[in-house]
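This is what each chain is made of:
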Amino acid sequence: MAMLVLLTGLVVGVPGEARAQASDEPRAVGEFLLIGKDGERIKGHGGALTSTRFTGISADGQKLDFLPDDIGTLYRHEGSYAGAGAMYGAGFGLLLTGTVLLRYGIEDSAFFRDESAMGVSLGLLGGSALLGALVGLAIGAGQSRWSVEPLVAPGQQVSLNLSHSL
């Protein structure tokens, strides 16, 4: 029983400590896409977000200063899919070439015993993985990754009004 009370006290104590007031230091956003509540789309860089302001520089060089209430959605640029594309491409190249080589090996049991065939097989596997990686890299580099930047600072308390009608 004493153990249960102790555990309950710890569980109740942790959320209270986590609600400590967060400082209003700016969070760097970097490259961004801001969509205002009026639907205006602004691309820019050098973004910084506090609980009271969002500042940055638009793509055409204008300084921006927005209240969070005027922002519909704020997206942060996180790079491209080049790395993932290269990995998927290399895997596809290995899988395709490995399947073809395995088929030849099943049809001719002496195929993998021949040293020259083994060298050619390894070269084909490596070459197809490299070619697939290059194709995947090229495709992935053309696709940008964006994530939604929360407009609420960590530790900031907010209230939500949810309603449902039938």
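Definitions and cut-offs
- Residues numbered from 1 in each chain as written.
- Predicted model: local features only at pLDDT ≥ 70, side-chain atom pairs only at ≥ 80, totals over all residues.
- Heavy atoms only, no water.
- Phe/Tyr/Trp six-rings, centres within 6.5 Å; stacked < 30°, edge-to-face > 60°.
- Helix = DSSP H or I, 4+ residues; strand = E, 2+ residues; numbered from the N terminus.
- Lys NZ or Arg CZ within 6 Å of the ring centre and 35° of its normal.
- Patch = residues over 30% accessible without salt bridge, like charges linked within 9 Å, V, L, I, M, F, W, Y side chains within 5 Å.
- Areas by Shrake-Rupley, 256 points an atom, 1.4 Å probe, with all protein chains shown as cover.
- Salt bridge = Lys/Arg side-chain N within 4 Å of Asp/Glu carboxyl O.
- Pairing = 2+ DSSP bridges.
- Axes fitted to C-alpha atoms, helices over the stretch in contact; angles between N-to-C directions.
- Expected span 1.5 Å × (residues − 1).
- Buried < 20%, exposed > 50% of the residue type's maximum accessible area, 1.4 Å probe, protein only.

Visitor: How do you make sense of the packing of aromatic side chains when you look at a structure like this?
Guide: Two numbers describe a pair of aromatic rings. These are the distance of the centres and the angle of the planes. Here the structure, examined in full by the defined rule, presents one aromatic pair. Judged by centre distance (4.9 Å) and plane angle (90°), the rings of F32 and F54 are edge-to-face. Linking F32 in strand β1 (residues 27-36) with F54 in strand β3 (residues 54-58), this pair joins segments that are 22 residues apart in sequence. When the ring centre of Y81 is taken as origin, the NZ or CZ atom of R145, which lies over that ring, is 5.9 Å away.

Visitor: How should I be thinking about a nonpolar patch on the surface in this particular structure?
Guide: On the surface, L102, I106, F112 and M118 cluster together into a nonpolar patch covering about 400 Å² of accessible area. Mapped onto the elements of the fold, L102 is located in helix α2 (residues 82-107).

Visitor: Looking at this structure, I do not really get the sheet that holds strand β6 (residues 144-148). What am I missing?
Guide: Strand pairing in a sheet relies on backbone hydrogen bonds, with the paired strands running either antiparallel or parallel. The strand order across the open sheet built from six strands is β4-β3-β2-β1-β5-β6, with neighbouring strands paired in antiparallel fashion. Looking along the sheet, the strands with just one partner apiece sit at the ends: β4 (63-66) and β6. In this sheet, adjacent strand axes meet at a mean angle of 40° when their direction is disregarded. Bridge analysis of β1 against strand β2 (residues 41-49) gives seven bridges, and the strand direction is antiparallel. Within β2, the residue paired with R27 across the bridge is L49.

Visitor: Just checking my understanding: could you explain helix α3 (residues 115-141) for this structure?
Guide: Residues lying three or four places apart along an α-helix face the same way, a consequence of the helix completing one turn every 3.6 residues. A rise of 1.5 Å per residue sets the reference length of α3, with its 27 residues, at 39 Å; its end C-alpha atoms lie 39 Å apart and thus fit the reference within 8%. All buried positions along α3 are accounted for by A117, S121, S128, A129, G132, A133, G136 and G140.

Visitor: What is the right way to read the pairing of β1 from this model?
Guide: It is a general feature of regular strands that their side chains alternate between the two faces of the sheet. Between β1 and β2, which pair antiparallel in sequence order, lie four residues; one of them, G39, sits at a positive phi of approximately 95°. Pairing between β1 and strand β5 (residues 71-80): five bridges, direction antiparallel. In the sheet register, L34 faces β5, and the bridge partner there is L74.

Visitor: Would you take a moment to explain the pattern of salt bridges for this structure?
Guide: Pairing between side chains becomes possible if they bear opposite charge and their charged atoms approach one another. Taken as a whole, this structure holds four salt bridges when the rule is applied. In this structure, R53 engages D65 in a salt bridge whose closest nitrogen and oxygen atoms are separated by 3.3 Å. On the criterion of sequence distance, the pair formed by R53 in the loop between β2 and β3 and D65 in strand β4 is long-range, its members being 12 residues apart. On the basis of relative accessible area, D65 is assigned to the partly exposed category, the value being 47%. Here R76 ties to E149 by a salt bridge, and the two come within 2.8 Å at their closest N and O atoms. One end of the pair, R76, is in strand β5; the other, E149, is in the segment after β6, with 73 residues separating them in the sequence.

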